[in-house]
Amino acid sequence: AVALAWLLAQPGVTGVVVGASDATQVRENAQALELSLNPAECETLALCFSTLKLDEGPLWRRGARGLKRRAATLWRRLLS
């Protein structure tokens, strides 16, 4: 939900297309509409997301290990 809220807060973004495999994911995605991120939070998330190296292709193609490492890095940055 936080990632979706961040995307929705970006200038020029009017909507985000997401998918869901079950009702739980639909509810979790909908929570993004209830989040309001302040500018400092958006900046912190932008810094964290920039470490994902999206130009290397989708995260799911890089394997679970790489995804878990990058997710751990993202959470450490958010919590620090």
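Scoring rules and cut-offs
Residues numbered from 1 in each chain as written. Predicted model: local features only at pLDDT ≥ 70, side-chain atom pairs only at ≥ 80, totals over all residues. Heavy atoms only, no water. Helix = DSSP H or I, 4+ residues; strand = E, 2+ residues; numbered from the N terminus. Buried < 20%, exposed > 50% of the residue type's maximum accessible area, 1.4 Å probe, protein only. Areas by Shrake-Rupley, 256 points an atom, 1.4 Å probe, with all protein chains shown as cover. Patch = residues over 30% accessible without salt bridge, like charges linked within 9 Å, V, L, I, M, F, W, Y side chains within 5 Å. Salt bridge = Lys/Arg side-chain N within 4 Å of Asp/Glu carboxyl O. Core = buried A, V, L, I, M, F, W, Y, C linked by side-chain atoms within 4.5 Å. Contact = heavy atoms within 4.5 Å. Expected span 1.5 Å × (residues − 1). Arc of directions from axis to C-beta. Polar contact = N/O pair within 3.5 Å; in protein donor to acceptor, adjacent residues only side chain to side chain.

**Some words on the overall build of the protein**
What the protein contains, in helices and strands, is four helices and zero strands. When the elements of the protein are put in sequence order from the N terminus, they spell out α-α-α-α. Across the 80 residues in the protein, those meeting the buried criterion constitute 15%. Here the protein has roughly 6,200 Å² of accessible surface; of this, 58% comes from carbon and sulfur atoms.

**Focus on a nonpolar patch on the surface**
A cluster of nonpolar side chains, namely Leu7, Leu8, Val13, Val16, Val18 and Leu33, defines an oily patch on the protein surface of about 450 Å² accessible area. Structurally, leucine 7 is set in helix α1 (residues 2-8).

**Overview of the environment of leucine 8**
Structurally, leucine 8 is set in helix α1. Under the relative-accessibility criterion, leucine 8 is labelled partly exposed at 31%. Sequence-wise, leucine 8 and serine 36 are 28 residues apart; in three dimensions their C-alpha atoms are separated by 9.7 Å.

**Regarding the nonpolar core**
Residues Trp6, Cys42, Leu45, Cys48, Phe49 and Leu74 constitute the largest nonpolar core, which totals six residues. Counting residues per element, this core draws most heavily on helix α3 (residues 39-50), which supplies four residues. Residue contacts for cysteine 48: discarding those within four places in its chain leaves Leu74, Arg77 and Leu78.

**Structural notes on α3**
Taking 1.5 Å per residue as the helical rise, α3 with its 12 residues ought to reach 16 Å, and the 16 Å between its terminal C-alpha atoms agrees with that figure. Those residues of α3 not exposed but buried are Cys42, Leu45, Cys48 and Phe49. Down the axis of α3, the sector holding all buried residues measures 125°, keeping them to one side. In this structure, α3 carries Pro39, Glu43, Leu47 and Ser50 as exposed residues pointing more than 90 degrees from its buried face. The N-capping residue of α3, defined by a side-chain oxygen 3.0 Å from the backbone nitrogen of alanine 40, is asparagine 38.

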